[in-house]
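Fold and geometry: a report
Chain by chain, the residues run as shown.
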Amino acid sequence: MSILDGITVEASIVLGSTEVPIRQILQMSRGAMIALDCGQEDPTLVYVNGQLVAKGKILVDGDQMSLEVVEVVKKSVN
């Protein structure tokens, strides 16, 4: 067993974002669409523990989705 096996991280894959009033969300029904602030060709952002670590693109093959990492983001110096 590796020492790393017990470590958990939070990973988020962000396709885009938007701001929507809560009243609009409460009025939505199944199948409702929410427009995001990005285009189809914009990169998908990969966050680990809240920090941007990579950019990629979503690939779809039938009912399977995956992420292709196209750029690893260098850590900024603070």
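Residues numbered from 1 in each chain as written. Predicted model: local features only at pLDDT ≥ 70, side-chain atom pairs only at ≥ 80, totals over all residues. Heavy atoms only, no water.

1. Details of the overall build of the chain
- Each helix and strand in the chain was counted, giving 1 helix and 4 strands.
- Across the chain, helices and strands are ordered from the amino to the carboxyl terminus as β-α-β-β-β.
- Considering only C-alpha atoms, the chain reaches an extent of 50 × 35 × 30 Å along its principal axes.
- Residues classed as buried in the chain amount to 5% of the 78 residues present. (Helix = DSSP H or I, 4+ residues; strand = E, 2+ residues; numbered from the N terminus. Buried < 20%, exposed > 50% of the residue type's maximum accessible area, 1.4 Å probe, protein only.)

2. Looking at the environment of Ser-12
- Relative to the elements of secondary structure, Ser-12 occurs in strand S1 (residues 11-14).
- If near-sequence neighbours (up to four positions away) are discounted, Ser-12 is found in contact with Leu-45, Val-46 and Tyr-47. (Contact = heavy atoms within 4.5 Å.)

3. Observations concerning the pattern of salt bridges
- One pass over the structure, following the stated rule, counts 1 salt bridge.
- In this structure, Glu-68 engages Lys-57 in a salt bridge whose closest nitrogen and oxygen atoms are separated by 3.9 Å. Placement of the pair is Glu-68 in strand S4 (residues 64-72) and Lys-57 in strand S3 (residues 51-61), with a sequence separation of 11 residues.
- Note on Lys-57: relative accessible area 43%, which makes it partly exposed. (Salt bridge = Lys/Arg side-chain N within 4 Å of Asp/Glu carboxyl O.)

4. Focus on the sheet that holds S3
- As summarised here, the arrangement of the 4 strands in space is S1-S2-S3-S4, forming an open sheet in which the pairing is antiparallel. Bordering the open sheet on either side are S1 and S4, each of which pairs with just one other strand. Neighbour-to-neighbour, the strand axes of this sheet turn through a mean angle of 35 degrees, independent of strand direction.
- As judged from the 4 bridges shared by S1 and strand S2 (residues 44-48), these two strands associate in the antiparallel manner. By the bridge assignment, Val-14 is partnered in S2 with Leu-45. (Pairing = 2+ DSSP bridges. Axes fitted to C-alpha atoms, helices over the stretch in contact; angles between N-to-C directions.)

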